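Here is how the chains run, residue by residue.
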Amino acid sequence: MNIVSIQAINQTQREQAAQMLHEAFPHAWSVDDAWQEIDEILQQCNDGEPEILAAMHDDKVIGWAGMIPTYDGHVWELHPLVVRCDWQGKGVGSALVQAIEEVARARGGLTLWAGSDDESNATNLANANLYDNLPQRLQGFNSGRHPTAFYQTLGFAIVGVMPDANGPGKPDIFMAKSLRK
């Protein structure tokens, strides 16, 4: 596996990246919307702002991750992180996040954060009244098979929750990690 800037990949590989985004998040991106998202981020990359890194194997995109600066570059949002289904659980996502961390740190980033929607009701925060004693609910947090478990293994912590962000009972869970060594 090799990790490269998405600016270094060809048109076919960009199409692979767009298809992967659509397949991972079909409720959020149609194929056309995914392609437009990549185009827009590539334009912004040319302007020196966000960055997208692609994980490659045998000249095919097997995953990719983007990062967007916020708070004057002190904080970077990991958005999105996508790994091809047949490559999940093989270290691709971890390698992409580590590479994103290095780029963000080199650009002066102090914190990396990600929102992790619970649209599938996988955690104990789904379908719960999150306005009632949220700190207690977070102490007993159970990620189940939700992506928050992946982020926690990489050193991310829950730093916030937005109730009903994706509809009734479907929160967005905010994860963050310090980039300071």
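Here the structure is shown first, and the text comes after it.
The rules behind each value
- Residues numbered from 1 in each chain as written.
- Predicted model: local features only at pLDDT ≥ 70, side-chain atom pairs only at ≥ 80, totals over all residues.
- Heavy atoms only, no water.
- Helix = DSSP H or I, 4+ residues; strand = E, 2+ residues; numbered from the N terminus.
- Rg over C-alpha atoms; globule rule 2.2 N^0.38 Å.
- Contact = heavy atoms within 4.5 Å.
- Areas by Shrake-Rupley, 256 points an atom, 1.4 Å probe, with all protein chains shown as cover.
- Lys, Arg positive; Asp, Glu negative; His and termini not counted.
- Charge placed at Lys NZ, Arg CZ, Asp CG, Glu CD.
- Core = buried A, V, L, I, M, F, W, Y, C linked by side-chain atoms within 4.5 Å.
- Buried < 20%, exposed > 50% of the residue type's maximum accessible area, 1.4 Å probe, protein only.
- Pairing = 2+ DSSP bridges.
- Axes fitted to C-alpha atoms, helices over the stretch in contact; angles between N-to-C directions.
- Polar contact = N/O pair within 3.5 Å; in protein donor to acceptor, adjacent residues only side chain to side chain.
- Phe/Tyr/Trp six-rings, centres within 6.5 Å; stacked < 30°, edge-to-face > 60°.
- Lys NZ or Arg CZ within 6 Å of the ring centre and 35° of its normal.

Asks: Could you give an account of the overall build of the chain, with specific residues and numbers?
Replies: Scanning the chain from terminus to terminus reveals five helices and seven strands. Sequence-ordered secondary structure for the chain, helices as α and strands as β, is β-α-α-β-β-β-α-β-α-α-β-β. Scaling as 2.2 N^0.38, a compact globule of 181 residues should have a C-alpha radius of gyration of about 16 Å, and the chain matches this with 16 Å. Principal-axis analysis of the C-alpha atoms places the extent of the chain at approximately 50 × 35 × 30 Å. Across the chain, the fraction of contacts at a sequence separation of at least 24, relative to all contacts at a separation of at least 6, is 58%. Working note: accessible area of the chain is about 9,500 Å², and carbon and sulfur atoms make up 47% of it. Charge-centre separation for the chain: the mean point of 12 positive side chains lies 10 Å from the mean point of 23 negative side chains.

Asks: If you had to explain the nonpolar core to someone new, which residues and values would you point to?
Replies: What tends to happen in soluble globular proteins is that the nonpolar side chains get buried as a cluster. Core analysis: the biggest nonpolar cluster contains 28 residues, and Leu78 and Leu112 have the highest contact counts within it. For this core, the secondary structure elements donating two or more residues are β2 (51–57), β3 (60–70), β4 (75–83), α3 (92–106), β5 (111–117) and β7 (172–178). Per-element tally for this core: the top contributor is α3, with six residues. When sequence neighbours within four positions are dropped, the list of residues in contact with Leu78 reads Ala65, Gly66, Val97, Ile100, Leu112, Trp113, Ala114 and Tyr151. Judged by nonpolar contacts, the second largest core, of 17 residues, contains Ala18, Trp29, Ala54 and Trp64.

Asks: Which residues make up the sheet that holds strand β1 (residues 2–5), and what values do they have?
Replies: Ordered in space as β1-β2-β3-β4-β5-β7-β6, the seven strands form an open sheet in which the pairing is mixed. Taken across any chain shown, the strands that pair with only one partner, and hence form the sheet edges, are β1 and β6 (157–162). Each adjacent strand pair in this sheet contributes to an overall mean axis angle of 25°, direction not counted. On top of the sheet, helix α1 (residues 11–24) reaches β2, β3 and β4; it is set at about 75° to β3, its chief contact.

Asks: Tell me about the environment of Arg107, residues and numbers included.
Replies: Along the chain, Arg107 falls in the loop between α3 and β5. In this structure Arg107 comes out as partly exposed when scored by relative accessible area, which is 36%. Taking the C-alpha atoms as reference points, Arg107 and Leu53, 54 residues apart in sequence, are found 15 Å from one another. A polar contact of 2.9 Å, which involves the side chain of Arg107, links it to the side chain of Glu51.

Asks: Any chance you could break down the packing of aromatic side chains for me, citing the residues and the numbers?
Replies: Applying the stated criterion across every chain yields a total of four aromatic pairs. Considering the side-chain rings of Phe150 and Tyr151, the 5.4 Å spacing of their centres and the 65° angle between planes classify their relative orientation as edge-to-face. Judged by its relative accessible area of 26%, Phe150 is partly exposed. Classification of Tyr151 as buried rests on a relative accessible area of 8%. Pairing Tyr151 with Phe156 gives two aromatic rings, centres 5.3 Å apart and planes at 65°, and the pair type is edge-to-face. By way of ring pairs, the aromatic residues Phe150, Tyr151 and Phe156 are connected into one cluster. Over the ring of Trp87 we find Lys90; its NZ or CZ atom is 5.4 Å from the centre of that ring.

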